[in-house]
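# A structural walkthrough
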Amino acid sequence: MKNSRIAAACAATTILALGAIVAGCGSSSSSSASTAVPTDVPKDAAFAEVYSTNGDGESGVGGVVGGTFVVKLDCSPGTGYQWKVKTSGDAVLALKDTSGCETPENTTSAVGVPGIETRTYEVKTAGTEKLVFTWVPPGKQTPEATQTITFTAS
């Protein structure tokens, strides 16, 4: 019982913190190009964040051919929730790496401990590609949130 209360408190704290971060970006879109790029993102990479707590939304991100595009997504290991990604198939981006859900170093692997998944794409050619991220609950086909990033490379 105590572990579930701790997990619930951690989840609530994370949701509030993520809400404050997103609110501070000054954008009404649910997924957004961030001005505060995490230190683990390459210096010249295009960057976006996608949070399930934001609900539905759209944003645009730009990058250069030969560069990198990094997307950070919130995650919750062990709950069965997952991000599913569909691309428009325009071959502008090629997925190079997916980190899986990584939780902070000083937490346990208890169900519901919030984490971040990082997806790194290589920008292959000039053009536009649409990435549609859907946050799907366990055992369901209908997403709880759909966020779209339109990536344009030059």
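In case you missed it, the structure is sitting above this.
Here the structure is a predicted model, which means the values were calculated and not measured. (Residues numbered from 1 in each chain as written. Predicted model: local features only at pLDDT ≥ 70, side-chain atom pairs only at ≥ 80, totals over all residues. Heavy atoms only, no water.)

Here we take up the environment of N54. Looking at the secondary structure, you find N54 in the loop between β1 (46-50) and β2 (57-63). Here N54 falls in the partly exposed class, since its relative accessible area comes to 21%. (Helix = DSSP H or I, 4+ residues; strand = E, 2+ residues; numbered from the N terminus. Buried < 20%, exposed > 50% of the residue type's maximum accessible area, 1.4 Å probe, protein only.)

This part is about the sheet that holds strand β6 (residues 115-123). Spatial strand order, β1-β3-β6-β5: 4 strands in an open sheet with mixed pairing. The outermost strands of the open sheet, each flanked by one partner alone, are β1 and β5 (93-102). The mean inter-strand angle of the sheet, taken between neighbouring strand axes irrespective of direction, is 15°. In the sheet, β1 pairs with strand β3 (residues 68-75) via 5 bridges, with the strands oriented parallel. The residue of β3 that forms the bridge with A46 is F69. (Pairing = 2+ DSSP bridges. Axes fitted to C-alpha atoms, helices over the stretch in contact; angles between N-to-C directions.)

This part takes up the nonpolar core. Within soluble globular proteins, side chains that are nonpolar generally end up buried alongside one another. F69, V71, L93, F133, I149 and F151 are the most contacted members of the largest nonpolar core, which has 19 residues in total. Residue assignment for this core shows that the elements contributing at least two residues are β1, β3, β6, β7 (127-136) and β8 (145-153). With 4 residues, β8 is the largest single contributor of residues to this core. Apart from residues lying up to four places away in sequence, V71 is in contact with A48, V50, E117, T118, R119, Y121, F133 and I149. (Core = buried A, V, L, I, M, F, W, Y, C linked by side-chain atoms within 4.5 Å. Contact = heavy atoms within 4.5 Å.)

We now examine the pairing of β1. When you tally the buried positions in β1, you get 5 out of 5 residues, the bulk of the element. Neither face of β1 is open: one carries A46, A48 and V50, the other F47 and E49, and all of them are buried.

Take the sheet that holds β2 next. Strands sit in the order β2-β8-β7-β4 across an open sheet of 4 strands; the sheet is mixed. In this open sheet, the two edge strands, each paired with only one partner strand, are β2 and β4 (82-87). Neighbouring strand axes in the sheet, compared pairwise and without regard to direction, differ in orientation by 20° on average. Both β4 and β7 contribute to a ladder of 6 bridges, which runs antiparallel. Its bridge partner lying in β7, Q82 is registered against V136.

Linking two cysteines covalently through their sulfur atoms gives a disulfide. In this structure the tally under the stated criterion is 1 disulfide. Through a disulfide, C75 is tied to C101; the S-S separation comes to 2.0 Å. Taking the sign of the S-S torsion, 90° for the link of C75 and C101, the bridge is right-handed. Of the two residues, C75 sits in strand β3 while C101 sits in strand β5, which places them 26 residues apart along the sequence. By relative accessible area, C101 is classed as partly exposed at 32%. (Disulfide = S-S within 2.5 Å.)

The final tally for this structure, using the stated rule, is 5 aromatic pairs. Ring geometry for W83 and W135: centres 5.0 Å apart, planes at 50°, overall tilted. A residue pair is termed long-range when its members are at least 10 positions apart, and W83 in strand β4 and W135 in strand β7 qualify at 52 residues. Judged by its relative accessible area of 7%, W83 is buried. What makes W135 buried here is its relative accessible area of 8%. Of the aromatic side chains, those joined through ring pairs into one cluster are Y81, W83, F133 and W135. (Phe/Tyr/Trp six-rings, centres within 6.5 Å; stacked < 30°, edge-to-face > 60°.)

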